[in-house]
Amino acid sequence: LEITVVKDGGIQSVDLRPGVSDRRFDGIGAVNGGGATSVLLKDYPREQRDQILDLVFAPKFGASVSAMLVEVPGDGNSTQGSMPSHRHTRGDLEAHRGYTWWVMREAKRRNPALSLDAVAWSAPGWIGDGEFWSQDMADYYVSWAQILRDTHGLDLDAIGCRNEKGVSLHFAKCLRAALDEAGFGSVLLHAFDDWPADKFDFVEELRRDPEAVAAIDVIGAHVMYGTGVHAPAEVREWAGAMGKPIWNTEDHVYRSGYDCLIGIVKCFNENYLLSGATKVVLWYDVAGVYPTEPYAVEPAMIVAHEPWSGHYRVRDALWGYAHYGQFTELGWIYVDGACTFLDGGGSVVALRSADGDFSIVAETKDAAAVQRLRMHVPSDLAQGPVTIWRSDATEQFQHLGFVRIEDGTIEIDLAPNSVYSLSTTSGQRKGGFVDVPSSTPFPFPYRDTFAGYDDPGARGFLPRFTADIAGAFELVPAPGDVGTCLRQTVPAPTLSWAPDWRPYTIIGDGDWGDYEVSVSVLLEPGEGAAVMGRINHVGTGYGFIPRCYLFELTADGTCRLVSVNGKEDQRELVGDAEQRAVIAAAAGDGTGGERTLGKARATDAQGRWQRMTLRFAGADITALLDGEVILEAVDTTH
Ligand code: 147
């Protein structure tokens with residue numbers, strides 16, 4: 001391969017001739033999950049739901065991503081919330097539970113070429129009797145992929161071992177064997193999708209283990225953009241020689257406005273230039289979560305907090321994906337002679353199709369002045385007009401027009417802090433919808449009796465507008481044949497990605513102050529239930545102890561009024577194994593910042609429906625049981 005970077009009179013040249021080491025492009029895209037990120041998306045009116053999905057997945061329309069990575073639901077909290085498992089218990093197997101199947105079907109229906117990748121954050125507690133790296137987990141993955149294939153008609157392209165929880169070569173071998181045996185021989189296995197600075201260290205151990213080398217097809221790692229930690233040269237050389245691509249299975253661009261757009265392009269370019277990563281997915285696609293939940297806005301391309309109104313908002317970020325997504329296809333080849341950093345700040349990545357189309361994506365985030373770029377186009381590439389699309393701080397994803405290739409050369413001036421996509425392909429457009437409903441608050445008063453939920457459709461047995469933070473609150477027939485009720489269906493603590501606390505689900509508006517919330521509950525022996533209110537915090541993403549008031553009733557008749565004060569410092573503690581253990585311990589003792597404001601006894605607490613109510617009026621916090629005040633407190637914490 002010859003890289004020609006000619007500097008003459010301030011012009012930088014790139015050469016589109018193919019080189020011998022040019023790698024296959026495996027896609028750009030986003031993660032769905034790693035948090036219950038689509039929980040409110042499923043509840044949108046069909047029209048707006050379709051619009052949002054079109055904006056992310058439809059080819060040549062919006063972001064037009066080529067790769068999707070989903071969380072394999074595992075009942076445990078995985079940042080914002082939890083997604084219900086297809087196997088709550090060893091004997092359980094449910095092919096329609098949850099909304100991940102639905103969102104994958106919708107994505108793939110819009111773009112049949114979309115690549116589907118999956119990995120688990122959490123897993124049900126029965127797995128491996130508490131050990132994630134187990135045959136149970138390999139079988140769990142396979143049963144999930146079978147449902148995806150056999151019930152939902154979708155083929156997985158790739159799968160990981162576990163999101164960000166260390167290394168087990170033994171597990172990778174088990175999973176490979178289980179996949180092969182079930183007819184998933186062509187599903188690529190990536191490992192180990194971790195993020196600390198030592199995330200590539202396992203490659204050394206891997207190289208000494210031929211069976212593991214055979215099992216793992218792709219070296220996957222997270223978070224390389226802006227960290228200074230890239231795939232080391234030895235890893236790149238070895239992986240290249242072994243024919244194993246390097247993928248960034250989760251990167252982050254936490255920025256607002258246009259800064260996020262250009263950051264995304266820079267992130268994609270730099271992942272290739274610095275790490276040789278041929279697929280990059282960013283966390284995460286659509287913010288179908290409550291604003292009270294962590295990471296509710298910044299990383300997403302679309303903010304969809306309001307299923308009741310249908311209101312949603314497209315962030316500039318989406319057009320960052322579009323600069324790649326509308327100009328490339330899976331299976332294109334990087335043209336290394338035209339992939340480079342720019343002398344005056346910025347970067348260029350070029351890709352070509354098998355039949356001679358090419359696209360160039362450039363960003364000049366760090367440039368101070370205009371730079372002239374000259375591109376040499378060999379005669380075996382398309383010579384047709386080259387379309388140019390640009391984003392800058394003023395206007396995003398704008399069609400500038402066409403340039404001609406003259407004497408095998410194109411020249412273009414790149415303004416600073418701008419993004420350019422050039423291509424011989426056509427059909428790009430800035431898709432969008434004009435009739436997006438305006439924003440309205442959560443309906444008040446609000447009541448749901450869980451009637452009329454006959455079609456599992458997108459919702460997979462979950463009700464409207466609840467967002468499970470941990471556990472799974474599913475629609476089930478109510479005992480005594482009195483319609484439908486909600487039941488928390490996760491029977492044991494999970495192998496949670498975020499340190500475990502207790503199962504809870506939220507609904508409503510975090511800004512409500514004085515109001516009343518009530519729920520009818522039926523307790524069986526040994527059970528308990530609580531109604532929570534003034535929830536203004538549901539954790540940081542690495543711990544999900546809320547800040548709220550909680551009125552709890554257990555089947556033995558114990559009533560408690562509690563103030564829960566989840567610690568703000570959970571986020572700072574992330575990243576250090578020892579500190580993570582401290583958080584886990586704090587949460588695991590069940591106290592997690594809990595302060596009991598009052599205690600009482602109820603008679604007849606089990607075996608009958610009774611109404612639990614929490615009432616807020618300023619500092620007066622009142623708990624009622626079947627309409628009678630049972631506990632009162634004066635407190636101003638929340
Ligand atoms: C990632 C998770 O995989 C996502 O589910 C989400 O929680 C995301 C939020 O930033 O983070 O996990 C990471 C945790 C810590 C780092 C990177 C990724 N880190 O400190 O670099």
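The structure we're discussing is the one just above.
Residues numbered from 1 in each chain as written. Predicted model: local features only at pLDDT ≥ 70, side-chain atom pairs only at ≥ 80, totals over all residues. Heavy atoms only, no water.

Participant: I'm lost on the site of the ligand in this one. Help?
Facilitator: Gly 34, Thr 79, Glu 164, Glu 250 and Tyr 254 are the nearest of the 15 residues found near the ligand. Thr 79 is positioned such that a nitrogen or oxygen atom in its side chain is 2.5 Å from an oxygen atom of the ligand. At 2.9 Å from an oxygen atom of the ligand is found a side-chain nitrogen or oxygen belonging to Trp 121. Summarising the interface, the protein chains cover 89% of the accessible area of the ligand, which totals 460 Å² for the free molecule. Looking at the shell around the ligand residue by residue, the class counts come to eight nonpolar, five polar and two charged. (Near = heavy atom within 4 Å. Polar contact = N/O pair within 3.5 Å; in protein donor to acceptor, adjacent residues only side chain to side chain. Areas by Shrake-Rupley, 256 points an atom, 1.4 Å probe, with all protein chains shown as cover. Nonpolar A, V, L, I, M, F, W, Y, C, P; charged D, E, K, R; others polar.)

Participant: Even after reading the chapter, I still don't get the sheet that holds strand E12 (residues 302-306), so can you show me in this structure?
Facilitator: By definition, the strands of a sheet pair up through backbone hydrogen bonds, in either a parallel or an antiparallel sense. Strands sit in the order E11-E12-E13 across an open sheet of three strands; the sheet is mixed. Each end of this open sheet is capped by a strand with a single partner; those strands are strand E11 (286-287) and strand E13 (311-314). Inspection of the sheet shows E12 paired to E13 by three bridges, in the antiparallel sense. Residue pairing across strands places Ile 302 opposite Val 314, the latter belonging to E13. The sheet strands contacting helix H1 (residues 46-57) are E11, E12 and E13, and the helix crosses E13 at an angle near 15 degrees. (Pairing = 2+ DSSP bridges. Helix = DSSP H or I, 4+ residues; strand = E, 2+ residues; numbered from the N terminus. Contact = heavy atoms within 4.5 Å. Axes fitted to C-alpha atoms, helices over the stretch in contact; angles between N-to-C directions.)

Participant: How should I be thinking about the pairing of strand E17 (residues 358-363) in this particular structure?
Facilitator: Within a regular strand, the side chains alternate between the two sheet faces. In terms of residue burial, E17 counts as a mostly covered element, since six of its six residues are buried. Residues Phe 358, Ile 360 and Ala 362 point to one face of E17 and Ser 359, Val 361 and Glu 363 to the other, with burial holding for every one of them. Relative to E17, strand E16 (residues 347-352) runs antiparallel, the two sharing six bridges. Bridge pairing in E17 links Ala 350 to Ile 360. Connecting the antiparallel pair E16 and E17 is a turn made up of five residues, with Gly 356 showing a positive phi of about 100 degrees. Relative to strand E22 (residues 419-423), E17 runs antiparallel, the two being bridged by five bridges. Paired with Ser 359 across the strands is Ser 423, a residue of E22. (Buried < 20%, exposed > 50% of the residue type's maximum accessible area, 1.4 Å probe, protein only.)

Participant: I'm lost on the packing of aromatic side chains in this one. Help?
Facilitator: What characterises a pair of aromatic rings is the spacing of the ring centres plus the angle enclosed by the ring planes. Here the structure, examined in full by the defined rule, presents 34 aromatic pairs. Summarising the aromatic geometry, the rings of Phe 268 and Tyr 321 are spaced 5.9 Å apart at their centres and angled 70 degrees between planes, so their arrangement reads as edge-to-face. With Phe 268 in helix H8 (residues 257-275) and Tyr 321 in helix H9 (residues 317-325), the pair connects residues that are 53 residues apart, well separated along the chain. We classify Phe 268 as buried; its relative accessible area is 2%. The class of Tyr 321 is buried, set by a relative accessible area of 0%. Within the aromatic cluster, the residues linked to one another by ring pairs are Tyr 290, Trp 308, Phe 442, Phe 444, Tyr 446, Phe 465, Trp 512, Tyr 515, Tyr 549 and Phe 616. Positioned above the aromatic ring of Trp 247, the side-chain terminus of Lys 279 is 4.0 Å from the ring centre. (Phe/Tyr/Trp six-rings, centres within 6.5 Å; stacked < 30°, edge-to-face > 60°. Lys NZ or Arg CZ within 6 Å of the ring centre and 35° of its normal.)

Participant: Looking at this structure, I do not really get H1. What am I missing?
Facilitator: Side chains that are three or four residues apart share a direction in an α-helix, a result of its 3.6 residues per turn. With twelve residues, H1 extends 16 Å from end C-alpha to end C-alpha; this agrees with the ideal 16 Å at 1.5 Å per step. Turning to H1, its buried residues number three or more, namely Gln 48, Arg 49, Gln 51, Ile 52, Leu 53, Leu 55, Val 56 and Phe 57. Structurally, H1 contributes buried residues whose contacts are with strand E4 (67-72), helix H2 (100-110), E11, E12, E13 and H9. (Expected span 1.5 Å × (residues − 1).)

Participant: Looking at this structure, how should I read the packing of H8 against H9?
Facilitator: Each pair of packed helices can be described by the angle between their axes along with the distance between the axes. As a packed pair, H8 and H9 sit with axes 7 Å apart at the nearest point and diverge in direction by 35 degrees. Every pair of crossing elements has a handedness; the one defined by H8 and H9 is right-handed. Residues Cys 260, Leu 261, Ile 264, Val 265, Phe 268 and Asn 269 of H8 touch H9, and the partners they reach there are Ala 317, Trp 319, Gly 320, Tyr 321, His 323 and Tyr 324. For the contact of H8 with H9, a count of residues per class yields nine nonpolar, three polar and no charged. (Left-handed = near helix turned anticlockwise from the far one by under 90°.)

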